[in-house]
Amino acid sequence: MIMKDTTAPFTPLLVDGEFRPSLSDKSFEVRNPYTNLVVGHAASASSEDCKDAIETAGKAFATWEHSPFEQRRSILLRAADLLETDRYKEKIINAVRDETATAEHMLQFNTNSPAAALRDAACLVGELKGESFPSQIPGGHVVTQRRAMGVIFAVSPWNAPMLLSVRAVAVPIVCGNTVVFKCSEVTPRTQSIVAEVLFEAGLPRGVLNFLSMDKQDAPSLTSEIIAHPLIRKINFTGSDRVGRLLAAEAAKYLKPCVFELGGKAPVLVLDDADTEQAARAIVSSAVMNSGQICMSTERVIVQRKASDTLIPAIVKHMSAVTAGDYRTSPHIISALFTEQSAASLVGMITEAESEGATVLVGNKQREGAVVKPHVLLNVKPGMRMWDRETFGPVMAIAVADTVDEIVELANASDYTLVAGLWTKDLSTALNVAGRVRSGWTNINGPSVHLEAMRGHCGLGGATGYGHFDIENFTDVRMIVIHPTGPTQYPLVG
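Remember, it's a predicted structure, so these values are computed and weren't measured experimentally. (Residues numbered from 1 in each chain as written. Predicted model: local features only at pLDDT ≥ 70, side-chain atom pairs only at ≥ 80, totals over all residues. Heavy atoms only, no water.)

### Regarding the nonpolar core
The test is simple: The nonpolar core is taken to be a set of buried Ala, Val, Leu, Ile, Met, Phe, Trp, Tyr and Cys residues, with the residues joined through side-chain atoms within 4.5 Å. Only protein chains enter the area calculation, which uses a 1.4 Å probe; residues under 20% of their type maximum are buried, those over 50% are exposed, and those in between are partly exposed. Only DSSP runs of H or I with at least four residues qualify as helices, and only runs of E with at least two residues qualify as strands; both kinds are numbered from the N terminus onward. Throughout, a residue-residue contact means that at least one pair of heavy atoms, one from each residue, lies within 4.5 Å.
Leu76, Leu83, Leu118, Val169, Leu198 and Leu208 are the most contacted members of the largest nonpolar core, which has 52 residues in total. Looking at which element gives the most residues to this core, the answer is helix α5 (residues 161-174), with nine residues. Apart from residues no more than four positions distant in its own chain, Val169 is found in contact with Val179, Phe181, Val194, Leu198 and Leu208. Grouped together as the second largest cluster of nonpolar side chains are 32 residues, Leu345, Leu376, Val394 and Leu421 included.

### Overview of the side chain of Asn177
Rules: Between N or O atoms, a polar contact is any pair within 3.5 Å; within protein, one atom must be a potential hydrogen donor and the other a potential acceptor, and residues adjacent in sequence are included only when both atoms are from side chains.
Residue placement: Asn177 occurs in the loop between α5 and β9 (178-182). The exposure class of Asn177 is buried, given its relative accessible area of 0%. Of note is the side chain of Asn177, whose polar atom sits 3.0 Å from the backbone oxygen of Pro172. Side-chain polar atoms of Asn177 contact the backbone oxygen of Phe473, separated by 2.9 Å. Asn177 has contacts with Phe61, Trp64, Ala148, Met149, Gly150, Ile152, Pro172, Val207 and Phe473, leaving out every residue within four places of it along the chain.

### Focus: the sheet that holds strand β7 (residues 141-148)
Inclusion rule: For two strands to count as paired, DSSP must find a minimum of two bridges between them. For helices, the fitted line uses only the C-alpha atoms of the stretch in contact; every axis is such a line through C-alpha atoms, and the angle between N-to-C directions lies from 0 to 180 degrees.
Spatial strand order, β6-β7-β22: three strands in an open sheet with antiparallel pairing. Across the chains shown, the open sheet's two edge strands, defined by having one partner strand only, are β6 (131-134) and β22 (474-481). Neighbouring strand axes in the sheet, compared pairwise and without regard to direction, differ in orientation by 20° on average.

### Some remarks on a nonpolar patch on the surface
We count it as follows: The patches reported here contain residues having more than 30% relative accessible area and no salt bridge. Joining distances are 9 Å for like charges and 5 Å for nonpolar side chains (Val, Leu, Ile, Met, Phe, Trp, Tyr). Methods summary: accessible areas were calculated by the Shrake-Rupley approach with a probe of 1.4 Å, and residue burial reflects only the protein chains presented. In the sections that follow, a salt bridge refers to a side-chain nitrogen of Lys or Arg positioned within 4 Å of a carboxyl oxygen of Asp or Glu.
Taken together, Phe133, Met478 and Val480 make up a surface patch of nonpolar side chains, about 260 Å² in accessible area. Assignment of secondary structure puts Met478 in strand β22. The class for Met478 is exposed, based on a relative accessible area of 57%.

### Here we look at the pattern of salt bridges
In a structure, side chains of opposite charge can pair up when their charged atoms sit close to one another. In total, this model carries 26 salt bridges according to the counting rule given. Between Arg20 and Asp49 there is a salt bridge; the shortest N-O distance is 2.8 Å. One end of the pair, Arg20, is in strand β3 (residues 18-20); the other, Asp49, is in helix α1 (residues 47-64), with 29 residues separating them in the sequence. For the pair Arg20 and Asp49, one class covers both residues: buried. Close ionic contact of Asp414 with Arg244 constitutes a salt bridge, the shortest N to O distance being 3.5 Å. Of the two residues, Asp414 is situated in the loop between α13 (403-410) and β20 (418-422) and Arg244 in helix α8 (residues 240-252); the sequence distance between them amounts to 170 residues. Overall, the relative accessible area of 39% leaves Asp414 in the partly exposed class. Among the charged side chains, a network of salt bridges with common partners joins Asp240, Arg244, Arg388 and Asp414.

As structure tokens, this is what we get:
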């Protein structure tokens, strides 16, 4: 008989304003990816729990859709203030450290960024405006309105659990939608903090419902949720593999989606670049959060002259990064989120070497879920190391002679999220950046970068499509006011 560790925190569901266990009383373990110790238990939602959450959100929508803009803004601003209190900071740090085994820099990111994201979302109420213009009918008038869509199904991942959870729910809510929010099975306690703080800030019952579920149950329950008639739209951040499955389910019911999926960020380094500065930015963006960021630098494409100094600099900085026990130093990278992920990454490295790549840094091994930083040279399209997101501390380098060849290699990917470009010539930078198929290109800076009020977006393919903004979570509805007085209608006297 397996005994449950009753000392580990329990994360409940939130349905209709009540934090409660699953109606089936089922729960699942949450383990630290480095120590593999149980750090919590979470309620595993049943089909009935999911139905309750959706129907509750549907009832709440009838009122929330018509709530004053000032009320929506005030709740989000109040939640932002609460997140900056010592009480919530401590909650976030403890939960993120336990559930993700992340290093210090990501602890601070998860602590500081969510409040700013809530304030950004609160500002969006100013965009919830329509327009008015004369109709083509003499004396008539047209009014357009931005109206909420209904119940949004939001799914958010574990790798930046606080910020990405805020993004998944805050914009839909400020638009007047209600939300059924499914967290990752890896970080339920962390992600539930977002629901908790919004509820404490005054969000009415049912506007946000929080579901956690066992990994084994998630596919079937997710399909049930998407199929429910009250669900109007799906937003998902995560892997392109899961994104394709969700898109297929949504397509059955012609339901729209917003997807931010995988990344395989290319960094283009031209001959005139500051290669030492470029190497530092490249390595930083390759190893932050153990390479488990959608913006992580995964491919470096360098012009041949610059490669003479860039590659040794990358090797130097990458070799200095250590991996292991995240509790011993703020400058160490930690485990990947599962041992399976680590094993898959090592497999990709050894496969690339067998196909002609040279391993410049790394030992092609893992210790549990820990993989040391790796650098591979002569990786090319057609190799899995080039074609697929690794989501680990690994970088692939290719050398090319001309700028045209570099751009072609950068675009030889199904991922379109972010890119980087290093050159001292601004005119060249603008020209080359305009030729890279990427939603966001950083010139002379790291690929891991965010700007307030402007979220990342894919241009299709394995990175997905859509934006987390007002346009994607409202409908534009048109009202035509016809003039009074006698009117001639076809076929009617």
